[in-house]
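Residues per chain, in single letters:
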Amino acid sequence: MSATITTRQVGDVTVVDAAGKITLGEGAAMLRDEVKNLFSAGNRKILINLGEVNYIDSSGIGELVSSFTTVTGQGGQLKLLNLTKRVHDLLQITKLYTVFEVHDDEAKAVRSFS
Amino acid sequence: MPGTTDTFLESNLDSVDKAEALCVDEAKLLGLDEDACMDLGLAVREAMVNAVAHGNQYDASKQVRLVLDARPDSLRITIVDQGQGFDLNRVPDPTQGDNLMRGSGRGLLLIQTFVDEFTVKKSAAGGAEVTLVKYSISD
């Protein structure tokens, strides 16, 4: 399944729904560009929903990290929602799980943004 | 089924997908379950990306050699590029210090996590030769 990236607004939080493969040459660059564009457009509260991501590689993980550092380094917030077991395991292996604020309930995640 | 196949692939991302699919198909024949096949597929993907992007640097004049050695108890995958090779001991640990927040450098960690054996050496021509081994019955 190819990657798809769509966005929607929930209050003042921008939810990025990612689906499919987030890998080098497919979804990784799409995800990076989407977050970059959202941030450039003034969105400062970004929630990335990974619930439909069935495959991610080190490039995809790297883009999550780069997006996180870009957004948080300039005063924004970026959080993750609905990790699949696969993504969860990879974030554990790479010791990134504690770097990100991770939620499994969208409403609570949206409320968690200050 | 047991046997060896030797394939030469172009230095592009299509080859990464092709190599992953070939290895996963072989792993299924070996009887690996779905999770193990996905683990192996990811490891192959990471090794192929290293070969195509870092080793051959997408140079169309260079190839990546993929050798699948299917044995009754294991699948041995050797990937050889035409780059400069690398020393595994000199690769920074992506989980430590400032490396943790880098946007790259996690591929080798994932390979080592998802296969039973992983070795790196210089090929006769000087490029990187990496071998990934997955046993059909893991501890």
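Definitions and limits used
- Residues numbered from 1 in each chain as written.
- Chains lettered and ligands numbered in written order.
- Predicted model: local features only at pLDDT ≥ 70, side-chain atom pairs only at ≥ 80, totals over all residues.
- Helix = DSSP H or I, 4+ residues; strand = E, 2+ residues; numbered from the N terminus.
- Rg over C-alpha atoms; globule rule 2.2 N^0.38 Å.
- Contact = placed C-beta atoms within 7 Å.
- Nonpolar A, V, L, I, M, F, W, Y, C, P; charged D, E, K, R; others polar.
- Core = buried A, V, L, I, M, F, W, Y, C linked by C-beta atoms within 7 Å.
- Buried ≥ 20, exposed ≤ 12 C-beta atoms within 10 Å, placed from the backbone.
- Pairing = 2+ DSSP bridges.
- Axes fitted to C-alpha atoms, helices over the stretch in contact; angles between N-to-C directions.
- Right-handed = clockwise from strand over helix to strand, strands pointing away.

Student: Residue-level account of the overall build of chain B, with values.
Tutor: Along the backbone of chain B there are 3 helices and 5 strands. Going residue by residue from the N terminus, the α and β elements of chain B occur as β-α-α-β-β-α-β-β. Over its C-alpha atoms chain B spans a radius of gyration of 15 Å, differing by no more than 12% from the 14 Å that the globule rule assigns to 139 residues. The principal-axis extent of the C-alpha atoms belonging to chain B is close to 40 × 35 × 25 Å.

Student: Break down the interface of chain B and chain A for me, with residues and values.
Tutor: Contacts between chain B and chain A engage 16 residues on the former and 14 residues on the latter. Secondary structure elements with two or more residues in the side of chain B that touches chain A: α2 (34-55) and α3 (107-114) of chain B. Here the side of chain B that touches chain A is composed, by residue class, of 8 nonpolar, 5 polar and 3 charged.

Student: I'd like a description of the nonpolar core, backed by residues and values.
Tutor: Membership of the largest hydrophobic core comes to 64 residues, with the highest contact counts inside it found for A:I48, B:L40, B:A43, B:V44, B:A47, B:M48 and B:I79. Considering each element in turn, this core owes the most residues, 10 residues, to α2(B). Beyond its immediate sequence surroundings of up to four residues, B:A47 is in contact with B:I79, B:I111, B:V130 and B:L132.

Student: Tell me about the sheet that holds strand β1 (residues 4-10) of chain A, and name the residues and values.
Tutor: Working definition: the strands of a sheet are paired by backbone hydrogen bonds and lie parallel or antiparallel to each other. Residue and element names in this part refer to chain A. Spatial strand order, β1-β2-β3-β4-β5: 5 strands in an open sheet with mixed pairing. The open sheet terminates on both sides in strands that have one partner only, identified here as β1 and β5 (102-103). In this structure, β1 lies alongside strand β2 (residues 13-22), joined through 7 bridges in antiparallel fashion. Looking at the pairing, T6 lines up with D17 of β2. Running over the sheet, helix α1 (residues 27-40) touches β1, β2 and β3 (45-56) and is turned about 170° from β2. Set on the sheet, helix α2 (residues 58-72) makes contact with β2, β3 and β4 (77-81); between it and β4 the angle comes to about 145°.

Student: Give a description of the environment of A:G75 that names residues and reports values.
Tutor: Its place among the elements puts A:G75 in the loop between α2 and β4. Put simply, A:G75 and A:V99 are 24 residues apart on the chain and 16 Å apart in space, counted from C-alpha to C-alpha.

Student: Tell me about the pairing of β4(A), and name the residues and values.
Tutor: All names here are of chain A. In terms of strand pairing, β3 meets β4 through 5 bridges, oriented parallel. Pairing of I48 across the sheet is with L80, part of β4. Between the parallel pair β3 and β4, the chain is carried across by α2, and the sense of this crossover is right-handed. Bridge count between β4 and β5: 2 bridges; the pairing is parallel. By the bridge assignment for β5, L80 is matched with V102.

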